[in-house]
Amino acid sequence: AQSVSQHNHHVILSEAASLELGCNYSYGGTVNLFWYVQYPGQHLQLLLKYFSGDPLVKGIKGFEAEFIKSKFSFNLRKPSVQWSDTAEYFCAVNEGRQAGTALIFGKGTTLSVSS
Amino acid sequence: ETGVTQTPRHLVMGMTNKKSLKCEQHLGHNAMYWYKQSAKKPLELMFVYNFKEQTENNSVPSRFSPECPNSSHLFLHLHTLQPEDSALYLCASSRGSITEAFFGQGTRLTVV
């Protein structure tokens, strides 16, 4: 069965610091990769996604992620965080190209940004 | 607003009650999902429906009973729950697997 590991449980940064959140998955076949964000009191929102092509994907709000197939990783990055980036971040994966294949999520990383 | 609406937003129920959670999407998606979000745990997939057919039941206790009458609506019927079932229950929908899932705001369930 697939699993997703997010290594950082809670990350605390000052504004303007750079961010990298780790994500590794365990599945050897074709995967689709996602990062979601959940701001306090709000629903899960998609930050970015990777299906195929360029392994460096850019998402909303200045976030990007790099798919490294050999490392089974899909780390999230942002060069300069803002206070408004305080939220919980979830990495997710589903497999293949079949319809209705559910996302499997990591435990999430709480990011706290101080101004 | 994601296009996925869940009601109620909050629910408190006793262990002997029967209640239902409702999810509605008007995005034209064919797949719908129930997830459970508890503190300090990953989102746990509960059920998957694809074109109204249940395609996955992730070893969920029988006190949770899903129903999908059409591609736009998904219910989760609850009966004789336990306090440890208290959590945020999230509904999501997608058009196949090569698009992202859209999530509702969830129902915060408290079992007393």
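What you see as residue numbers is a count from 1 along each chain, following the sequence as written. Numbering of ligands from 1 and lettering of chains from A proceed in the order in which they are written. Residues qualify for local features only when their pLDDT is at least 70, as the model is predicted, and side-chain atom pairs are given and counted only at 80 or more; totals for whole chains, interfaces and linings, by contrast, use all residues. Note: side-chain values were computed over all heavy atoms of the structure, leaving out hydrogens and water.

Observations regarding the overall build of chain B
As a reminder, the rule being used: Numbering goes from the N terminus for both helices and strands, where a helix is a DSSP run of H or I of at least four residues and a strand is a run of E of at least two. In this setup the radius of gyration rests on C-alpha atoms only. A globule is expected at 2.2 Å times the number of residues raised to 0.38. Exposure is judged per residue with a 1.4 Å probe applied to protein chains only, and the accessible area is read against the type maximum: over 50% gives exposed, under 20% gives buried, and values in between give partly exposed. Here, two residues are considered to be in contact whenever any of their heavy atoms come within 4.5 Å of each other.
Along the backbone of chain B there are zero helices and 11 strands. Listing each helix as α and each strand as β along chain B from the N terminus yields β-β-β-β-β-β-β-β-β-β-β. Against the compact-globule benchmark of 13 Å for 112 residues, chain B has a radius of gyration of 13 Å, which places it among compact chains. Summarising its shape, the C-alpha atoms of chain B cover approximately 40 × 25 × 25 Å along the three principal directions. For chain B, with 112 residues in total, the buried portion stands at 48%. Considering only intrachain contacts with a sequence separation of at least 6, the fraction spanning at least 24 residues in chain B is 52%.

Re the overall build of chain A
Secondary structure summary: chain A contains zero helices and 12 strands in total. Helices (α) and strands (β) of chain A occur, in sequence order from the N terminus, as β-β-β-β-β-β-β-β-β-β-β-β. Against the compact-globule benchmark of 13 Å for 115 residues, chain A has a radius of gyration of 14 Å, which places it among compact chains. Overall, chain A is about 45 × 30 × 20 Å in size when its C-alpha atoms are taken along their principal axes. For chain A, with 115 residues in total, the buried portion stands at 49%. Considering only contacts within chain A whose residues lie at least 6 apart along the sequence, 55% involve residues at least 24 apart.

Describing the pattern of salt bridges
All names here are of chain A. Our working definition: Each salt bridge in this description consists of a side-chain nitrogen of Lys or Arg and a carboxyl oxygen of Asp or Glu lying within 4 Å of one another.
What the rule picks out here adds up to seven salt bridges over all chains. The closest approach of N and O atoms between Glu 64 and Lys 58, which form a salt bridge, is 2.9 Å. Owing to a relative accessible area of 64%, Lys 58 belongs among the exposed residues under this scheme. Residue Glu 66 is joined to Arg 77 by a salt bridge in which the shortest nitrogen-to-oxygen separation is 3.3 Å.

So, the state of the cysteines
All names here are of chain A. Counted only if it meets this: Note on disulfides: each one is a pair of cysteine sulfur atoms within 2.5 Å.
Following the criterion strictly, the structure yields two disulfides over all chains and no others. Across the disulfide, Cys 23 is cross-linked to Cys 91 (sulfur-sulfur distance 1.9 Å). Since a negative S-S torsion denotes a left-handed disulfide, the Cys 23-Cys 91 link at about -65 degrees is left-handed. Here Cys 23 is found in the loop between strand S3 (19–21) and strand S4 (24–26), whereas its partner Cys 91 is found in strand S10 (residues 87–95), with 68 residues between them in sequence.

Quick word on the nonpolar core
The condition that has to hold: Think of a nonpolar core as a cluster: buried Ala, Val, Leu, Ile, Met, Phe, Trp, Tyr and Cys residues, connected wherever their side-chain atoms sit within 4.5 Å.
Judged by nonpolar contacts, the single largest core of 28 residues is most densely connected at Trp 35, Leu 48, Phe 74, Leu 76 and Tyr 89 of chain A. Of all the elements in the fold, those that place two or more residues in this core are strand S2 (10–14), S3, strand S5 (31–38), strand S6 (45–50), strand S8 (64–68), strand S9 (73–78), S10 and strand S12 (109–114) of chain A. Grouped together as the second largest cluster of nonpolar side chains are 22 residues, Val 4, Tyr 49, Leu 74 and Val 111 of chain B included.

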